[in-house]
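So you can see what is in the structure, the chains are spelled out below.
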Amino acid sequence: MDGLAVSVNVAVVGVGTDDAPVKTVIERLQAAGHRILGNKQLAAGAPLLDVLAGCIEDADIDVVLAIAHDPDPVRDAMAPLVTKPLPGFGELLRAAAFSEIGSAAMTLDGEAARCGSTYVFVLPAVVGAVKVALEQLLLPQLDLRTRPTNLASKLPRLRAVPRP
């Protein structure tokens, strides 16, 4: 890895979950130097479309992380906002989580998509799975120094950052 470390602007949305997985996400992102521009906790069954659309429309937010006990309502709310799905994220999450949580990894449900110029990731509200998702998948991809490619280089706000 070479190049510059940059800070990605993130909104975190907890849906029908306790504070532990949301707190884990925020702590890990901040420890990696990223900025939390929004942190919302919603009850299960809350209208999600407006919240997700608001985060996506905010030009300062690069990435939205939705942490949900039941990801289906989040996925349903996200569907009309998706510009391009990121296939494979759920499979990578399950594979990476196996070493952390064992066979329970097969029950994990994760999803990712580009919505306009914002990337949205839906993570299960399981602390072990959240740690794996961040450490093995998301944090490396939110770093311009990760080679051969990274998600950060696709974020419009970071395209102007000089590369080696």
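Below is a short write-up of the structure. (Residues numbered from 1 in each chain as written. Predicted model: local features only at pLDDT ≥ 70, side-chain atom pairs only at ≥ 80, totals over all residues. Heavy atoms only, no water.)

Backbone-to-backbone hydrogen bonds pair the strands of a sheet. The strands run either parallel or antiparallel. Read from one edge to the other, the open sheet built from six strands follows the order 2-1-3-6-5-4, with strand pairing classed as mixed. Looking at the sheet topology across the chains shown, the edges are occupied by strand 2 (35-42) and strand 4 (84-85). Running over the sheet, helix 1 (residues 19-31) touches strand 1 (9-15), strand 2 and strand 3 (63-68) and is turned about 175 degrees from strand 2. (Pairing = 2+ DSSP bridges. Helix = DSSP H or I, 4+ residues; strand = E, 2+ residues; numbered from the N terminus. Contact = heavy atoms within 4.5 Å. Axes fitted to C-alpha atoms, helices over the stretch in contact; angles between N-to-C directions.)

Buried together is how nonpolar side chains tend to be arranged in soluble globular proteins. If you look at the biggest cluster of nonpolar residues, it comprises 30 residues, and the most contacted ones within it are Leu29, Val63, Leu65, Ile67 and Phe121. Counting residues per element, the ones that place at least two in this core are strand 1, helix 1, strand 3, helix 4 (89-101), strand 6 (118-124) and helix 5 (127-141). Looking at this core element by element, the count peaks at six residues for helix 5. Among residues more than four places away in sequence, those in contact with Phe121 are Val63, Val64, Leu65, Ala66, Leu86, Phe89, Glu111, Ala112, Leu138 and Leu151. Counting residues in each nonpolar core, the second largest holds 20 residues, with Ala11, Val64, Ala77 and Cys115 among its members. (Core = buried A, V, L, I, M, F, W, Y, C linked by side-chain atoms within 4.5 Å. Buried < 20%, exposed > 50% of the residue type's maximum accessible area, 1.4 Å probe, protein only.)

This part covers the side chain of Ser7. Among the structural elements, Ser7 can be located in the segment before strand 1. Residue classification places Ser7 among the buried residues on the basis of a relative accessible area of 17%. At 2.8 Å, the side chain of Ser7 and the backbone oxygen of Gly33 are in polar contact. Beyond its immediate chain neighbours, meaning those up to four positions away, Ser7 contacts Gly33, His34, Arg35, Arg157 and Leu158. (Polar contact = N/O pair within 3.5 Å; in protein donor to acceptor, adjacent residues only side chain to side chain.)

Taken as a whole and assessed by the stated rule, the structure comprises zero disulfides. Cys115 provides the cysteine sulfur closest to Cys55, a residue in no disulfide bond, and the two sulfurs are 11 Å apart. The exposure class of Cys115 is buried, given its relative accessible area of 1%. (Disulfide = S-S within 2.5 Å.)

For the structure shown, the criterion picks out eight salt bridges. Residue Glu27 pairs with Lys23 through a salt bridge whose shortest N-O separation is 3.9 Å. Here the residue Glu27 and the residue Lys23 both occupy positions in helix 1, the gap between them amounting to four residues, near one helical turn. Exposure remark for Glu27: the relative accessible area of 44% places this residue in the partly exposed category. Taking the relative accessible area as the measure of exposure, Lys23 reaches 51% and is therefore exposed. Between Glu111 and Arg75 there is a salt bridge; the shortest N-O distance is 2.6 Å. Here the residue Glu111 occupies a position in strand 5 (residues 111-115), and Arg75 occupies one in helix 3 (residues 71-78), the gap between them amounting to 36 residues. Judged by relative accessible area, Glu111 falls into the partly exposed class, the value being 24%. (Salt bridge = Lys/Arg side-chain N within 4 Å of Asp/Glu carboxyl O.)

These figures come from the coordinates and say nothing about function on their own.
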